[in-house]
Amino acid sequence: MLDRLRQAPDSRDERVHHLLSDLLPILESVVQRMEVLSLETRALTTLRDDLRSLNPAADQATVNALWTRALQILSDFTGSPTPRRPFWKRSP
């Protein structure tokens with residue numbers, strides 16, 4: 001999901017609101033699983049709550065701010081990806 005958010009070409013793109021809506025059920029599931037395992041969920045829970053309250057008619061500035069926060073929180077949570085070589089350059 002983080003990759004999909006990163007691929008939005010511009011924060012003013014209308015797809016950002018749709019991507020944030022798609023993120024909510026995934027985040028609900030992740031937070032629920034983490035709570036069962038007694039893991040720290042504060043940042044994800046805050047993001048989840050903000051996504052729950054996101055109005056479908058929200059102005060673009062609100063959507064952009066939430067998009068930026070979602071990118072930051074999810075990036076912090078998942079860590080930075082390790083660069084991978086193209087598959088045709090990998091050794092067996």
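I will try to describe carefully the structure that is included in this document. This structure is a prediction, so every number in the text was calculated from the model and none was measured.

Topologically, Thr-45 is positioned in helix H3 (residues 42-52). Overall, Thr-45 belongs to the buried group, its relative accessible area being 16%. Each C-alpha atom, one on Thr-45 and one on Glu-28, is 8.4 Å from the other, the two residues being 17 residues apart in sequence.

Moving on, we get to the layout of surface pockets. In this structure, the largest pocket occupies an estimated 190 Å³ of space. When contributions to the lining of the largest pocket are tallied by element, the ones reaching two or more residues are helix H1 (2-6), helix H2 (15-36) and helix H4 (60-78).

Working note: a packed helix pair is described by the angle between its axes plus the distance between those axes. Two elements in contact, H3 and H4, have axes whose closest approach is 10 Å; the angle formed by their N-to-C orientations is 155°. In terms of orientation, H3 lies roughly antiparallel with respect to H4. For the pair H3 and H4, the sense of crossing is left-handed. When H3 is examined against H4, the residues Ala-43, Leu-44, Thr-46, Leu-47, Asp-50 and Leu-51 are found in contact with a partner set consisting of Leu-66, Arg-69, Ala-70, Ile-73, Leu-74 and Phe-77.

Cut-offs and rules
Residues numbered from 1 in each chain as written. Predicted model: local features only at pLDDT ≥ 70, side-chain atom pairs only at ≥ 80, totals over all residues. Heavy atoms only, no water. Helix = DSSP H or I, 4+ residues; strand = E, 2+ residues; numbered from the N terminus. Buried < 20%, exposed > 50% of the residue type's maximum accessible area, 1.4 Å probe, protein only. 1 Å grid on protein atoms, 1.4 Å probe; cavity = no way out; pocket = protein on both sides within 12 Å on 5 of 7 lines; lining within 4 Å. Points joined across faces, edges and corners; volume = space filled by probe spheres on them. Axes fitted to C-alpha atoms, helices over the stretch in contact; angles between N-to-C directions. Parallel < 35°, antiparallel > 145°, perpendicular 65-115°, else oblique. Left-handed = near helix turned anticlockwise from the far one by under 90°. Contact = heavy atoms within 4.5 Å.

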